[in-house]
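Structural characterization, general
Residues per chain are reported as follows:
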Amino acid sequence: QGADQLITCGAKEVCYWHRSEHSVYRERAIFGRKGVKQAVLCLAVINEDEFVTGQADGSLYMWEKKKIVRWMKNVHQGAMVTIHVGAGHIYTGGIDRKLTMFTTDLGEVASYYLSGTIKAIDNFTLQAVIVGTSTNELWQINLEDGTKSK
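The following refers to the structure shown. Only a predicted model underlies this, so the values are computations on that prediction, with no experimental measurement involved.

Let us look at the overall build of the protein chain. Regarding its fold elements, the protein chain presents zero helices and 15 strands. Its C-alpha atoms give the protein chain a radius of gyration of 16 Å, near enough to 15 Å, the size a compact globule of 150 residues would have. Taken along the three principal axes of its C-alpha coordinates, the protein chain extends 50 × 30 × 30 Å. In the protein chain, which comprises 150 residues, the proportion classed as buried is 41%. Long-range contacts, defined here as pairs at least 24 residues apart, represent 32% of the contacts in the protein chain between residues at least 6 apart. When the accessible surface of the protein chain is totalled, it reaches about 8000 Å², and 49% of it is carbon and sulfur. Looking at charge distribution, the protein chain has the averaged site of its 17 positive side-chain charges lying 9 Å from that of its 16 negative ones.

As structure tokens, this is what we get:
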């Protein structure tokens, strides 16, 4: 976020940390009625006001200024363990071995199944994503034609 704030996630909470001249203080985000309070396993910032989190039940929550504004259930069968925002897309990975790509307004673009739990995602180029798995493999996925290579 901004130079004087940080967002963290964990056991049933998302927190904003603010720094003032002499102290640091925490402000909890509000799950409200839209979200289920559960372990928040991963987080990625979209822009100054919006971020997304991956939940223990495989759901994806989009937050705006400390409140959930959109959510998608069952993005993954089981925990969503990594999330990345880049090149105008949101990428999620779960213990179900699935990589899912969304637009930044949560429109699903594509899904790919790989060997092992998805552990890390990053944009290699604007047309390719690199994915690391629990089986110690690195995959490159071409976003133009969907081809996968190790």
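The element strand β8 (residues 80–86) is extensively covered by neighbouring structure, given that five of its seven residues are classed as buried. From the end of β8 to the start of strand β9 (residues 89–94), which pair antiparallel, there are two residues, and A87 there has a positive phi angle of about 55 degrees.

By the element assignment, F124 lies in strand β12 (residues 118–125). When the C-alpha positions of F124 and G86 are compared, they lie 9.9 Å apart, and in sequence the two are 38 residues distant. The contacts of F124, once residues within four sequence positions are left out, are V129, I130 and Q140.

What counts and how
- Residue positions within a chain follow its written sequence, with the count starting from 1.
- Two thresholds apply to this predicted model, a pLDDT of at least 70 for residue-level local features and 80 or more for giving and counting side-chain atom pairs, whereas whole-chain, interface and lining totals are computed over all residues.
- Side-chain metrics in this entry use all non-hydrogen atoms of the structure; hydrogen atoms and water are not considered.
- Only DSSP runs of H or I with at least four residues qualify as helices, and only runs of E with at least two residues qualify as strands; both kinds are numbered from the N terminus onward.
- With the radius of gyration taken over C-alpha atoms, the globule rule is written as 2.2 Å times the number of residues to the power 0.38.
- In this scheme, a residue with accessible area under 20% of its type's maximum is buried, one over 50% is exposed, and one in between is partly exposed, where area comes from a 1.4 Å probe on protein chains only.
- Whether two residues touch is decided by their heavy atoms; if any such pair falls within 4.5 Å, the residues are in contact.
- Exposure was quantified through the Shrake-Rupley algorithm and a 1.4 Å probe, taking into account, for residues, occlusion by the shown protein chains and nothing else.
- Counted charges follow a simple rule, with Lys and Arg positive, Asp and Glu negative, and His plus the chain ends left uncounted.
- Working definition for charges: the position is that of NZ of Lys, CZ of Arg, CG of Asp or CD of Glu.
- Only when DSSP finds a minimum of two bridges between them are two strands counted as paired.

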